[in-house]
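# Remarks on the overall topology
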Amino acid sequence: MAGLRMGQGVLRRKPIEQIEEGDASERLTRTLGLWQLTAIGVGGIIGAGIFTLAGAVANGTAGPAVLISFLIAGVASAAAAFSYAEFAGMIPKAGSAYTYGYVVLGELAGWFIGWDLLLEYTAIVAVVAIGISGYFNFLIKDLGAELPTWMLGAPGTGDGHRVDLFAAVLCLFIAYLLTLGIKSAARFETVVVVLKVLVVLLVIGVGVFHINTSNYSPFFPFGVGGAFTGAATVFFAVFGYDAMSTAAEESKDAQRHMPKAIMYSLAISMVLYVLATLVLTGMQNYKEVDPESGFSTAFQSVGLGALADVIAVGAIIGILTVMFTFMLGVTRVWFSMSRDGLLPHWFAKTHPTRHVPVRVTWIVGVASALIAGFLPIGEAAELTNIGILLAFAVVCTAVIVLRYRRPELPRSFRTPGMPVVPAIGVVFSIWLITFLAWETWLRFAAWFALGLIIYFAYSYRKSALAKTGRPSAEERGEE
């Protein structure tokens, strides 16, 4: 009997009709419009993928076939994007995949998606900060300046390196920006996204005249498998809309605007990714592409040193938007989990006038600063992909389940090709997971185990649903 009650408990679902925003001290402000949301999405997608990962994957994993890597990742991401768009229009609340999983698959599934995203998004912030630091170091050297060796990288990344100070400070800066309030922060994000897109268009427009087609041969120097491995690596560069969807509760008209913003941001970003990777591998042989500052060194190699500096500055400024989007995402997931009682309510308190979760924002800022400052980029990046891919698989599964369980629910956007398209998202996501190293699985298993302990020791009993008494008919799966 106790086992039956436990089973009902972990499977209890949050009824869509009863999702509340909490009291005044646990409420966010609706201020974001369609183009601000789209800018946040584009800001999260375009960044490290073009300015850092494209060069790293081209150099050591896929060669010119990095283009195929991005296309494969883009297909998987698009299938998941349709599912996110349907949920975003139907459940306009903070939390994104965590909230969707909680509503459809139950509390334990929702908990693990949320718990997973806390680590993944925080690690992404750190990875991107390290990537910006690489461009910063390139710029400093190119200007003839020299910084103390101890502050140029994490231990093990070079002789005398002790901490990546620039990366750590960037994480704290983004945390500070987010504590100013979503309206001010989103205004900054929109301006910087426009500047970033202009830099990418400059790269494409000038670089296309310096393409040497012989650099495309061999196109698959690491074999077709290299392109697929590259897809698993760059996958985290073709999402961002999922983190943007955590801001649904801060959108003025989330049910109409969120689905559009998700689709617009992914479409814009994929076009720019394809064109940029063609230019990068066409300008320079993949063996000579710098893994840390690919485009700057590529332009430098064809005698455009001044433009290389402009690109480096654009990369530093532009990639900030990725950090912004994912730190926004992790703080809103943490906020939602706390408001639901799965984590202490102390974290769900918002600033009395700015209405943002200041407490969790600073905690995430410090945590990401420590990761960025003391872990090499490879180790930090390995913390990101597996959890995001699993979250995508869960969301794609959940959209199918809810379509058949509750077909009468109003949906401002409907995933096309149901259930084939979301099923493709599930298959692609799980398939890409198989390309990740066993060390990644080990780290994820350790985080998963810690999550289990916290859930059954605290969250199971403290959950808001646990205090409402007997589950509703919907929660039990009855009609």
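Above this text is the structure in question.
In every chain, residue numbers begin from 1 and rise along the written sequence. Local features are withheld for residues below a pLDDT of 70 in this predicted model, meaning they are given only at 70 or higher, and side-chain atom pairs are given and counted only at 80 or more; totals for whole chains, interfaces and linings count all residues. Computation of side-chain values covers all heavy atoms of the structure but excludes hydrogens and water.

### Observations concerning the nonpolar core
- In these notes, a set of buried Ala, Val, Leu, Ile, Met, Phe, Trp, Tyr and Cys residues joined through side-chain atoms within 4.5 Å is what counts as a nonpolar core. When a residue's accessible area, from a 1.4 Å probe over protein chains only, is under 20% of the maximum for its type it is buried; when over 50% it is exposed; and in between it is partly exposed. Counting 150 residues, the largest nonpolar core has Phe-87, Phe-235, Tyr-241 and Met-323 as the members making the most contacts within it.
- Each helix is a run of DSSP H or I of at least 4 residues and each strand a run of E of at least 2, with the numbering of both proceeding from the N terminus. Here the element with the most residues in this core is helix α6 (residues 107–142); it accounts for 19 residues.
- Once residues lying within four places of it in the same chain are set aside, the contact partners of Phe-235 are Ala-73, Ala-76, Ser-77, Ile-388, Leu-389, Phe-392 and Leu-432. Throughout, a residue-residue contact means that at least one pair of heavy atoms, one from each residue, lies within 4.5 Å.

### Thoughts on the packing of aromatic side chains
- Stacked, tilted and edge-to-face are the three classes assigned to paired rings of Phe, Tyr and Trp, where Trp is represented by its six-membered ring and a pair needs centres within 6.5 Å; plane angles under 30 degrees give stacked, over 60 edge-to-face, the rest tilted. Counted under the stated rule, the structure contains 25 aromatic pairs.
- Consider the rings of Tyr-121 and Phe-326, whose centres lie 5.4 Å apart with planes at 70 degrees: the pair is edge-to-face. Taken together, the residues Tyr-121 in helix α6 and Phe-326 in helix α13 (residues 305–339) connect sequence positions 205 residues apart.
- On the basis of relative accessibility, which here comes to 0%, the residue Phe-326 falls in the buried class.
- On the numbers, 5.0 Å between centres and 80 degrees between planes, the contact of Tyr-455 with Phe-456 is edge-to-face.
- The buried category is assigned to Tyr-455, whose relative accessible area is 0%.
- By way of ring pairs, the aromatic residues Trp-111, Trp-115, Trp-447, Tyr-455, Phe-456 and Tyr-460 are connected into one cluster.
- Only Lys NZ and Arg CZ are tested; either one counts as a charge over a ring when it is within 6 Å of the ring centre and within 35 degrees of the ring normal. It is Arg-12 that lies over the ring of Tyr-460; its NZ or CZ is 4.8 Å from the centre.

### Some details on unusual backbone geometry
- At the junction of Ser-217 and Pro-218, the peptide bond is cis and its omega measures out at 0 degrees in the coordinates.
- By secondary structure assignment, the location of Pro-218 is in the loop between α8 (182–207) and α9 (223–234).
- For the bond running from Met-418 to Pro-419, omega is 0 degrees, close enough to zero to count as cis.
- For Pro-419, the location among the structural elements is in the loop between α16 (385–405) and α17 (420–433).

### Considerations on the packing of helix α5 (residues 97–104) against α6
- Axes here refer to lines fitted to C-alpha atoms; in helices the fit is confined to the stretch in contact. Angles between the N-to-C directions go from 0 to 180 degrees. Relative orientation of the contacting elements α5 and α6 amounts to 170 degrees, with a least axis distance of 7 Å. Relative to α6, the element α5 is oriented roughly antiparallel. Along its contact with α5, which presents Ala-97, Tyr-98, Gly-101 and Tyr-102, the element α6 presents Glu-107, Gly-110, Trp-111, Ile-113, Gly-114 and Leu-117. Each angle receives one of four descriptions, namely roughly parallel if under 35 degrees, roughly antiparallel if over 145, roughly perpendicular if within 65 to 115, and oblique otherwise.

### Looking at the environment of Val-128
- Among the secondary structure elements, Val-128 is positioned in helix α6.
- On a C-alpha basis, the gap between Val-128 and Met-263 in space is 23 Å, while along the polypeptide they are 135 residues apart.

### Thoughts on the packing of α5 against α16
- Between α5 and α16, whose axes approach to 10 Å, the crossing angle comes to 40 degrees. With respect to α16, the element α5 is oriented oblique. Viewed along their axes, α5 and α16 form a crossing whose handedness is left-handed. Where α5 abuts α16, its residues Ala-97, Tyr-100 and Val-104 lie against Val-395, Ala-398, Val-401, Leu-402 and Arg-405.
- Tallied by class, residues from the contact of α5 with α16 come to 7 nonpolar, no polar and 1 charged. If you view the pair so one helix is near and one far, a crossing is left-handed when the near helix is turned anticlockwise from the far one by less than a right angle, and right-handed when it is turned clockwise. Asp, Glu, Lys and Arg are counted as charged, while Ala, Val, Leu, Ile, Met, Phe, Trp, Tyr, Cys and Pro are counted as nonpolar; the rest, among them Gly, fall into the polar class.

### Section: α16
- The first and last C-alpha atoms of α16 sit 30 Å apart over 21 residues, in line with the 30 Å expected at 1.5 Å per residue.
- Here α16 lies mainly inside the structure; 15 of its 21 residues are buried. One less than the residue count of a helix, multiplied by 1.5 Å, gives the span that helix is expected to have.

### Some remarks on the pattern of salt bridges
- The salt bridge criterion pairs a side-chain nitrogen of Lys or Arg with a carboxyl oxygen of Asp or Glu, the two atoms within 4 Å. All told, the structure shown has 7 salt bridges when counted by the stated rule.
- Across the pair Glu-86 and Arg-403 runs a salt bridge, and its minimum N-O distance is 2.7 Å. One end of the pair, Glu-86, is in helix α4 (residues 66–90); the other, Arg-403, is in helix α16, and 317 residues separate them in sequence.
- As a salt-bridge pair, Arg-406 and Glu-408 come within 2.5 Å of each other at their nearest N and O atoms.
- Residue class for Arg-406 comes out buried when judged on its relative accessible area of 14%.
- One connected set of salt bridges, linked through shared partners, spans Glu-86, Arg-403 and Arg-411.

### Topic: a nonpolar patch on the surface
- Patches were defined on residues exceeding 30% relative accessible area and lacking a salt bridge, with like-charge contacts within 9 Å and nonpolar side-chain contacts (Val, Leu, Ile, Met, Phe, Trp, Tyr) within 5 Å. Per-residue accessibility takes into account occlusion by the displayed protein chains alone, with areas from the Shrake-Rupley method and a 1.4 Å probe. Side chains of Leu-172, Phe-173, Tyr-176, Leu-180, Trp-362, Val-366, Leu-370 and Phe-374 sit close together on the surface and give an oily, nonpolar patch of about 700 Å² of accessible area.
- Broken down by secondary-structure element, the contributors of at least two residues to the nonpolar patch are α7 (165–179) and α14 (358–374).
- Broken down by element, the residue count for the nonpolar patch peaks at 4 residues, all from α14.

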